[in-house]
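An overview of the molecular structure
Listed below, chain by chain, are the residues.
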Amino acid sequence: MDLLRGFVLASMLLLGVTPSWAAEVPAIAAASNIKFALDKIAADFTQETGKRVRISYGSSGNFVAQLRHGAPFELFLSADDKYIYQLHKLGVTKSDGEIYAIGRLALAAPKRSPLSLDAELVGVKALLEKGGLKRFAIANPDHAPYGERAREALQHLGLWQPLQPHLIYGENVSQAAQFALSGSTDGGIVALSLAMAPQFRAASHYVELPSEWHSPMNQRMVLTPKAGETARAFYAYLSQAKARAVFLEFGFGLPGDSQGDEVADTANKPAGDH
């Protein structure tokens, strides 16, 4: 039956016809740090509604470039609200969406690493000073929000310049987490949501870093003008209690928690838009 369905779809596409059941699976762009949480939420959404979504994960900055050039995504979940504001200002989206989660950083390392973990990065400083730190992973700060916040945290502690010869950049925070936790580096600063995931936790350990060390990580989502019924339904589902519980399970903060709605909604909004 699946082969027949695939043959029919291919034939119809060649004829320029898109069947309704094919068009109902929207393409969604999502920051890589929410992969484990969003996969679970998407599975729950499908189980409850019978509707499916197709999710591509990557760096938020790269998705912005793709959306500006007409990529067919119907929903974009960014790791930083500044990217949503950029798209809205350029007229790519009709609104500036809403915050779905508040991201957090973690210092993480393989269990066999010589790096001692602590929330003040004393162990990083000590290993660096005695020449034992070889490679340290973060996401690329030029286009990955978690890399940008990792840089801010390291600058806050005076470690950004001393670490320069040892930094290994991941294309996105998911790749940085693989570098930091696989044993190919001594450790790194990654998304808390990835460090907490069972896939990484079995072979590594982590400690959450103070959010005061970096600017807020307000993760914002927005529908694009291409959004259909399923994408709009999934967008609404992401703000419901069950989805919010999954985000909490993976270490995210939420709009309306102790950080507050007002702070989360205005922290990175361009002047004049508050």
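Residues numbered from 1 in each chain as written. Predicted model: local features only at pLDDT ≥ 70, side-chain atom pairs only at ≥ 80, totals over all residues. Heavy atoms only, no water.

The next point concerns the overall build of the protein chain. Secondary structure summary: the protein chain contains 14 helices and 10 strands in total. Looking at the protein chain residue by residue over its 274 residues, the buried ones come to 49%. Looking at the protein chain alone, contacts between residues at least 24 apart form 75% of all its contacts between residues at least 6 apart. Put simply, the protein chain shows about 12,700 Å² of open surface, and 53% of that area lies on carbon and sulfur atoms. (Helix = DSSP H or I, 4+ residues; strand = E, 2+ residues; numbered from the N terminus. Buried < 20%, exposed > 50% of the residue type's maximum accessible area, 1.4 Å probe, protein only. Contact = heavy atoms within 4.5 Å. Areas by Shrake-Rupley, 256 points an atom, 1.4 Å probe, with all protein chains shown as cover.)

Here the focus is the sheet that holds strand 9 (residues 204–208). What the five strands build is an open sheet, ordered 7-6-8-5-9; its pairing is mixed. Each edge of the open sheet carries a strand with a single partner, namely strand 7 (167–170) and strand 9. Adjacent strand axes in the sheet meet at a mean angle of 30 degrees when their direction is disregarded. The pairing of strand 5 (residues 105–110) with strand 8 (residues 187–191) spans four bridges and is classified as antiparallel. The residue of strand 8 that forms the bridge with Ala108 is Gly188. (Pairing = 2+ DSSP bridges. Axes fitted to C-alpha atoms, helices over the stretch in contact; angles between N-to-C directions.)

Relative to the helices and strands, Asp81 is located in helix 5 (residues 81–89). Residue classification places Asp81 among the buried residues on the basis of a relative accessible area of 0%. Expressed as a C-alpha distance, the spacing of Asp81 and Gln219, which sit 138 residues apart in the sequence, is 5.6 Å.

At a closest axis distance of 11 Å, the pairing of helix 3 (residues 35–49) and helix 12 (residues 229–237) adopts a crossing angle of 115 degrees. The crossing of helix 3 and helix 12 is right-handed. Residues Leu38, Ile41, Ala42, Asp44, Phe45 and Glu48 of helix 3 lie in contact with helix 12, whose contacting residues are Thr230, Ala233, Phe234 and Tyr237. A per-class count over the contact of helix 3 with helix 12 returns seven nonpolar, one polar and two charged. (Left-handed = near helix turned anticlockwise from the far one by under 90°. Nonpolar A, V, L, I, M, F, W, Y, C, P; charged D, E, K, R; others polar.)

Next up on the list: the environment of Leu115. Of note, Leu115 is situated in the loop between strand 5 and helix 6 (122–129). Distance in space between the C-alpha atoms of Leu115 and Asp186 is 6.3 Å, their sequence separation being 71 residues. When residues no more than four places from it in sequence are discounted, the contact partners of Leu115 are Leu107, Ala109, Gly123, Val124, Leu127, Phe136, Asp186 and Gly187.

Core analysis: the largest hydrophobic core is formed by 69 residues, its most contacted members being Leu77, Leu121, Phe136, Ile189, Phe234, Leu238 and Phe247. If you tally residues by element for this core, the top one is helix 3, at six residues. Ala27, Val64, Ala71 and Val92 belong to the second-largest nonpolar core, a separate cluster that totals 13 residues. (Core = buried A, V, L, I, M, F, W, Y, C linked by side-chain atoms within 4.5 Å.)

As a further point, take the sheet that holds strand 10 (residues 218–223). Pairing between sheet strands relies on hydrogen bonds along the backbone, with the strands arranged either parallel or antiparallel. Strand order in the open sheet formed by five strands is 2-1-3-10-4, and the pairing between neighbours is mixed. Every other strand in the sheet has two partners, leaving strand 2 (54–58) and strand 4 (98–102) as the edge strands with one partner each. Geometrically, the sheet is characterised by an average inter-axis angle of 20 degrees between neighbouring strands, direction not taken into account. Strand contacts of helix 12: strand 1 (27–31), strand 3 (75–77), strand 4 and strand 10, with the helix running at about 155 degrees to strand 10, the strand carrying the most contacts.

The description of two helices packed together rests on the angle between their axes and the distance between the axes. Across the interface, helix 3 lies against helix 13 (residues 241–249) with an axial gap of 9 Å and an inter-helix angle of 160 degrees. In terms of their interaxial angle, helix 3 and helix 13 are classed as roughly antiparallel. Classified by chirality, the crossing of helix 13 by helix 3 is right-handed. When helix 3 is examined against helix 13, the residues Ala37, Lys40, Ile41, Asp44 and Glu48 are found in contact with a partner set consisting of Lys242, Ala243, Val246, Phe247 and Glu249. Considered class by class, the residues forming the contact of helix 3 with helix 13 number five nonpolar, no polar and five charged. (Parallel < 35°, antiparallel > 145°, perpendicular 65-115°, else oblique.)

Looking now at the confidence of the model for the protein chain. Taken residue by residue, the protein chain gives an average pLDDT of 87. The fraction at 70 or more is 85%. Scored below 50 in pLDDT, residues 1–22 shows eight contacts in the model against residues more than four places distant or in partner chains. In this model residues 259–274 is a low-confidence stretch, pLDDT under 50, and it forms 25 contacts with partners more than four residues away in sequence or in other chains. (pLDDT = per-residue confidence, 0-100.)

As a further point, take unusual backbone geometry. Phi at Leu121 takes a positive value of approximately 60 degrees, unusual for a residue other than glycine. Positionally, Leu121 belongs in the loop between strand 5 and helix 6. For Leu121, a relative accessible area of 0% puts it in the buried group.

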